[in-house]
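Structural overview for review
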Amino acid sequence: MSAHSTVLDEIVAGVREDLAAREAALPLAELRAMLADAPAPRDPMPHLRGPGSSVISEVKRRSPSKGDLADIPDPAALAREYAAGGAAAISVLTERRRFGGSLEDLREVRAAVDTPILRKDFIVTEYQLVEARAAGADLALLIVASLPGELLTRLHDTARELGLTVLVEVHDEEETERAVELGAELVGVNARNLKTLAVDPATFGRLAPLVPADRVLVAESGITGPADVARYVDEGARAVLVGEALVKDGAPREAVAAMTGLTTGVKS
C-alpha cells in the first residue's frame, strides 16, 4: 500500500481490474439483454419496516480485517439456513480478491431461496448494477466513501431504475449527510472504518440521530449476538447486517432467529 492510499483505495483498484476483464468478455449491451430473463426484483422494505429487529445475513468467506472466516463450500445450503431462521435479506459478498466471493455464489443463493438478496461489493459503475440484477439480486450496496460527487447520485438513480433497493453505507457525519440528501431509504451505518479497518461500536449511536425517522437504519459490523442487536435497536436500528458471527456460529438458523424480532427496550 502506498503512503497515501487506504485499504478502501486498494480494494477498489482491484475491483476495477477484475471488472475490466468481465466487461471485455461480456459488453454492457449484451449484459443488459440478459435482464429480460432475470426474476422480478423482490422488495425487502416491508419486512425491514416491520416490527422488531430484522437481520440481513451474510454469505462471507473471508475479510481483509479477519482473513479466512469460513469455507462455505455450499452457499445455497447456508442461505437456506438463513431463510429458515427468518432472515429479512441475504447479503452475498461477490468481491473476489479480499472476500473470496463471486457472482456465481449469488446465482446459487438466488436459485435456493425466495428471500431478497443483496449484492455486497464495491460498486463503482453501472455495469456492476446491471450484473447484480442479471444474477438475480434485489438489493445493491453503494458505499458513500468510494463514490465521490455525482457518481453516488448517478449510481443510486440507475439502481432504482433497474428495480434494485439500495443500501447506502456511511461511516461518518459527512457521508451520512450525503446519504440523507440523496433520499436514501435504506441507510447502513458501518462501525468499521474502511480506511483503517478499525471498529468503533459508538459510530451507530453517533450517526443515527442525523437520519430522518422515515428512513430505515441498518447497523453493520461488530455484531456478535442478540445483546449487540438489542443495543443497536435501542439506538434506532431497524435491521442489522451480520456476517462473521453467523458464518462461524455453526448453527446459523438459530443464530438468525435469536437476533430477529428484538424490540426497543430489550436489555442484555
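Here the structure is shown first, and the text comes after it.
Below you will find a few notes about this structure. Treat the numbers as computed from the prediction; the structure is a model and nothing was measured.

Let us look at the overall build of the chain. For the chain, the count of helices and strands is 12 helices and 10 strands. The principal-axis extent of the C-alpha atoms belonging to the chain is close to 55 × 40 × 35 Å. Out of the 268 residues belonging to the chain, those deemed buried represent 54%. Taking as baseline every contact in the chain between residues at least 6 positions apart, the subset at least 24 positions apart corresponds to 70%.

The next thing to look at is the layout of surface pockets. Of the pockets and cavities examined, the largest pocket occupies roughly 510 Å³. Elements represented by at least two residues in the lining of the largest pocket include exactly β6 (139-143), β10 (239-242) and α11 (244-247). For the lining of the largest pocket, a count of residues per class yields 14 nonpolar, 7 polar and 9 charged.

Despite not being glycine, L197 shows a phi value in the positive range, around 75 degrees. Despite not being glycine, S221 shows a phi value in the positive range, around 80 degrees. Structurally, S221 is set in the loop between β9 (216-220) and α10 (226-234).

Burial analysis of β9 places 5 of its 5 residues in the buried class, which makes it a mostly covered element. Residues V216, V218 and E220 point to one face of β9 and L217 and A219 to the other, with burial holding for every one of them. Sheet topology places strand β8 (residues 186-190) next to β9; 5 bridges connect them, and they run parallel. When the bridges of β9 are listed, L186 appears paired with V216. Alignment of β9 against β10, held across 3 bridges, turns out to be parallel. When the bridges of β10 are listed, A219 appears paired with V240. Of the crossover connections in this fold, the one passing from β9 over α10 to the parallel β10 is right-handed.

Helix-helix packing: each pair is described by the crossing angle between the helix axes and the interaxial distance. In the contact formed by helix α4 (residues 75-84) and helix α12 (residues 252-259), the axes pass within 7 Å of each other and the chain directions differ by 35 degrees. Judged by the twist between their axes, the crossing of α4 over α12 is right-handed. Contacts between α4 and α12 involve L78, E81, Y82 and A84 from the former and P252, R253 and V256 from the latter. Residues of the contact of α4 with α12, tallied by class, amount to 5 nonpolar, no polar and 2 charged.

The subject of this paragraph is the pattern of salt bridges. Pairing of side chains with opposite charge becomes possible as their charged atoms draw close. Following the criterion strictly, the structure yields 19 salt bridges and no others. Among the ionic pairs, R107 bridges to E104, the shortest N-O distance being 3.3 Å. Pair noted here: R107 and E104 are both in helix α5 (residues 103-112), with a separation of 3 residues, about one helical turn. Accessibility expressed as a relative area gives 39% for R107, which makes it partly exposed. Residue E104 is classed as partly exposed on the basis of its relative accessible area of 39%. Notably, a salt bridge pairs D200 with R206, separated by 4.0 Å at the nearest N-O pair. By relative accessible area, which is 35% here, D200 ends up partly exposed. By relative accessible area, R206 is classed as partly exposed at 38%. Each of E17, D18, R96 and R97 takes part in one network of salt bridges that share partners.

With that settled, consider helix α1 (residues 7-25). In this model, α1 (19 residues) spans 28 Å end to end at C-alpha, consistent with the 27 Å of a helix rising 1.5 Å per residue. By the burial criterion, the buried members of α1 are V7, L8, I11, V12, G14, V15, D18 and L19. Take α1 and look down its axis: the buried residues cluster within an arc of 160 degrees, on one side only. Exposed and facing more than 90 degrees away from the buried side of α1 are E17, A21 and A24.

Definitions and limits used
- Residues numbered from 1 in each chain as written.
- Predicted model: local features only at pLDDT ≥ 70, side-chain atom pairs only at ≥ 80, totals over all residues.
- Heavy atoms only, no water.
- Helix = DSSP H or I, 4+ residues; strand = E, 2+ residues; numbered from the N terminus.
- Buried < 20%, exposed > 50% of the residue type's maximum accessible area, 1.4 Å probe, protein only.
- Contact = heavy atoms within 4.5 Å.
- 1 Å grid on protein atoms, 1.4 Å probe; cavity = no way out; pocket = protein on both sides within 12 Å on 5 of 7 lines; lining within 4 Å.
- Points joined across faces, edges and corners; volume = space filled by probe spheres on them.
- Nonpolar A, V, L, I, M, F, W, Y, C, P; charged D, E, K, R; others polar.
- Pairing = 2+ DSSP bridges.
- Right-handed = clockwise from strand over helix to strand, strands pointing away.
- Axes fitted to C-alpha atoms, helices over the stretch in contact; angles between N-to-C directions.
- Left-handed = near helix turned anticlockwise from the far one by under 90°.
- Salt bridge = Lys/Arg side-chain N within 4 Å of Asp/Glu carboxyl O.
- Expected span 1.5 Å × (residues − 1).
- Arc of directions from axis to C-beta.

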